[in-house]
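# Survey of secondary and tertiary structure
Letter by letter, the chains look like this.
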Amino acid sequence: KLRSTRYLPAANDKTSVYAPSQLYFKDKDLNIFPFVKFLQWPSNESMSTAARSFLLKLGVRTEPPLSDIMGYLEKESAKSVDARDDGALTAALQYLTQRLGPKGTYVNQFRHAKVDFLPCIRQNLETGEIVKEIKSPSTCYFNPTAMVMGFNVLDPMLSDTEQIGVRMNINRDPSCQVLLRRLLQLVDISTARLDQLERQGTGIEAKEKNIEKMLALFEGVFLYLSSRTSDFQKRQLSELAKKPFIPCKCRSGLQFYTADQVFFLKRQPEGAVSGDGDSIAELLFQQVEYNAFLSFAGVKTEPSLEELFALMMEKPDEVLDSLGEPKYKMLLRRIAANPPFKRITAD
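Residues numbered from 1 in each chain as written. Predicted model: local features only at pLDDT ≥ 70, side-chain atom pairs only at ≥ 80, totals over all residues. Heavy atoms only, no water.

## Let's talk about the overall build of the protein
A tally of regular secondary structure across the protein gives 11 helices and 9 strands. By the burial criterion, 38% of the 347 residues in the protein qualify as buried. The long-range fraction of contacts in the protein, counting pairs at least 24 apart against all pairs at least 6 apart in sequence, stands at 62%. Only carbon and sulfur atoms are counted for the fraction: they give 51% of the accessible area of the protein, which is about 20,800 Å². (Helix = DSSP H or I, 4+ residues; strand = E, 2+ residues; numbered from the N terminus. Buried < 20%, exposed > 50% of the residue type's maximum accessible area, 1.4 Å probe, protein only. Contact = heavy atoms within 4.5 Å. Areas by Shrake-Rupley, 256 points an atom, 1.4 Å probe, with all protein chains shown as cover.)

Right, dumping it as structure tokens:
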């Protein structure tokens, strides 16, 4: 009877009395929760051990149930940006995270992966603008660099995003499959944007600005993917083999190339003058800075004689025009000395 009857007063509330289970012992850590009502008592210091033990047996609480905290977080985070109390939301998240850790009150109780309550940010890939959003643990990540590909990541303004991520079972990064899918989506979006600029007859300066923005975007994307190279398996990259996904500037503006159409830039030896030595690859193919992910995806340091010969057969006039007669003859001598073919066919 004493557990369910409403007869106890709450601090700062003279209008009602409450059952023991509706009240909490005074605790400054709980001041952040507006739903918490404290038991009216002169002070915790004046409460004897016997009295506290008796009140605990009756049901007076020391900490809120996880469901109450999640209800508060969900309700507060659903408010508009202007109405939301970000400070209270952050403090409540910190309180929850601490108690999800080892020996915490809520350890092994968290079952809210699909509830939107986490402050996150993402990068708008078209404008570069940082967008703030509320997401669930299952739809965000806690590695901030994943934002470069447009994914939602925990807002770095939170106190400890890694601890929040680990204790709420948030993935650190997107899976390799998700990353490849997003990479190809970015290619499609960029291609559509280039087509739109072409149809609109955009001026050279504005077009160049958009191209530079796209190149910077993909540079960041490949840098992030490079940090994930060890997570990929070779077979996962097979879908990239015949798909143009590497942007390079060309005469027409910007074009995407497959991994076998692009080669890495050769580092100039110290003291060398640009244009010295054998630069056949530079004259005939698109070149990019070395990147571990691109290397794993199939980009090589230099073309093989077989690839050079195939290009000569396919576009002899263009190759001659690009190389000039002296280098064209030199390439012919290299091929003759090390023929990349077993026999000459009628074709």
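## Here we look at a nonpolar patch on the surface
On the surface, Leu2, Tyr7 and Phe54 cluster together to form a nonpolar patch covering roughly 290 Å² of accessible area. Examined against the element boundaries, Phe54 turns out to sit in helix 1 (residues 49–58). (Patch = residues over 30% accessible without salt bridge, like charges linked within 9 Å, V, L, I, M, F, W, Y side chains within 5 Å. Salt bridge = Lys/Arg side-chain N within 4 Å of Asp/Glu carboxyl O.)

## Some remarks on the nonpolar core
Within soluble globular proteins, side chains that are nonpolar tend to cluster in buried spots. Membership of the largest hydrophobic core comes to 42 residues, with the highest contact counts inside it found for Met149, Leu183, Leu225, Phe245, Ile246, Phe293 and Leu294. Mapped by element, the contributors of at least two residues to this core are helix 5 (176–199), helix 6 (204–227), strand 6 (246–250), strand 7 (253–257), strand 8 (262–264) and helix 8 (292–297). By residue number, the principal contributor to this core is helix 6, which donates 9 residues. In terms of nonpolar packing, the next biggest core, distinct from the first, is built from 30 residues, Met70, Leu96, Leu118 and Leu154 among them. (Core = buried A, V, L, I, M, F, W, Y, C linked by side-chain atoms within 4.5 Å.)

## Digging into the packing of aromatic side chains
Summed over all chains, the structure comprises 12 aromatic pairs. Residues Phe33 and Tyr95 carry aromatic rings whose centres are separated by 5.1 Å and whose planes lie at 80 degrees to one another, so their mutual orientation is edge-to-face. Linking Phe33 in the loop between strand 2 (13–18) and helix 1 with Tyr95 in helix 3 (residues 86–99), this pair joins segments that are 62 residues apart in sequence. Grouping residues by exposure puts Phe33 and Tyr95 together as buried. These aromatic residues form a ring-pair network of at least three members: Phe218, Phe222, Phe232, Phe245, Phe256 and Phe293. Directly above the ring of Phe151 sits Arg182, whose terminal nitrogen or CZ lies 4.3 Å from the centroid. Cation over ring: Lys234 sits above Phe296, and NZ or CZ is 4.5 Å from the ring centre. (Phe/Tyr/Trp six-rings, centres within 6.5 Å; stacked < 30°, edge-to-face > 60°. Lys NZ or Arg CZ within 6 Å of the ring centre and 35° of its normal.)

## A closer look at the side chain of Asn291
Of note, Asn291 is situated in the loop between strand 9 (286–288) and helix 8. A polar side-chain atom of Asn291 sits 3.0 Å from the main-chain amide nitrogen of Leu294. Apart from residues no more than four positions distant in its own chain, Asn291 is found in contact with Phe222, Leu223, Ser226 and Phe264. (Polar contact = N/O pair within 3.5 Å; in protein donor to acceptor, adjacent residues only side chain to side chain.)

## Digging into the sheet that holds strand 4 (residues 130–135)
The antiparallel open sheet is built from 3 strands, whose spatial order is 4-3-5. On the outer flanks of this sheet lie strand 4 and strand 5 (153–154), each paired with one strand and no other. In terms of strand pairing, strand 3 (residues 118–123) meets strand 4 through 6 bridges, oriented antiparallel. Paired with Pro119 across the bridge in strand 4 is Ile134. (Pairing = 2+ DSSP bridges.)

## A short note on the layout of surface pockets
One number sums up the size of the second largest pocket: a volume of about 460 Å³. Elements supplying a minimum of two residues to the lining of the second largest pocket: helix 6, strand 6 and strand 9. Top contributing element to the lining of the second largest pocket by residue count: helix 6, with 5 residues. (1 Å grid on protein atoms, 1.4 Å probe; cavity = no way out; pocket = protein on both sides within 12 Å on 5 of 7 lines; lining within 4 Å. Points joined across faces, edges and corners; volume = space filled by probe spheres on them.)

## Things to note about unusual backbone geometry
Trans peptide bonds make up the majority, and among non-glycine residues the majority have a negative phi. For Lys103, which is not glycine, the phi dihedral falls at a positive 65 degrees. Among the structural elements, Lys103 can be located in the loop between helix 3 and strand 3. Residue classification places Lys103 among the exposed residues on the basis of a relative accessible area of 85%. The backbone of Asn169 shows a phi angle near 60 degrees, a positive value even though the residue is not glycine. For Asn169, the location among the structural elements is in the loop between helix 4 (161–167) and helix 5. With relative accessibility at 62%, the residue Asn169 sits in the exposed group.

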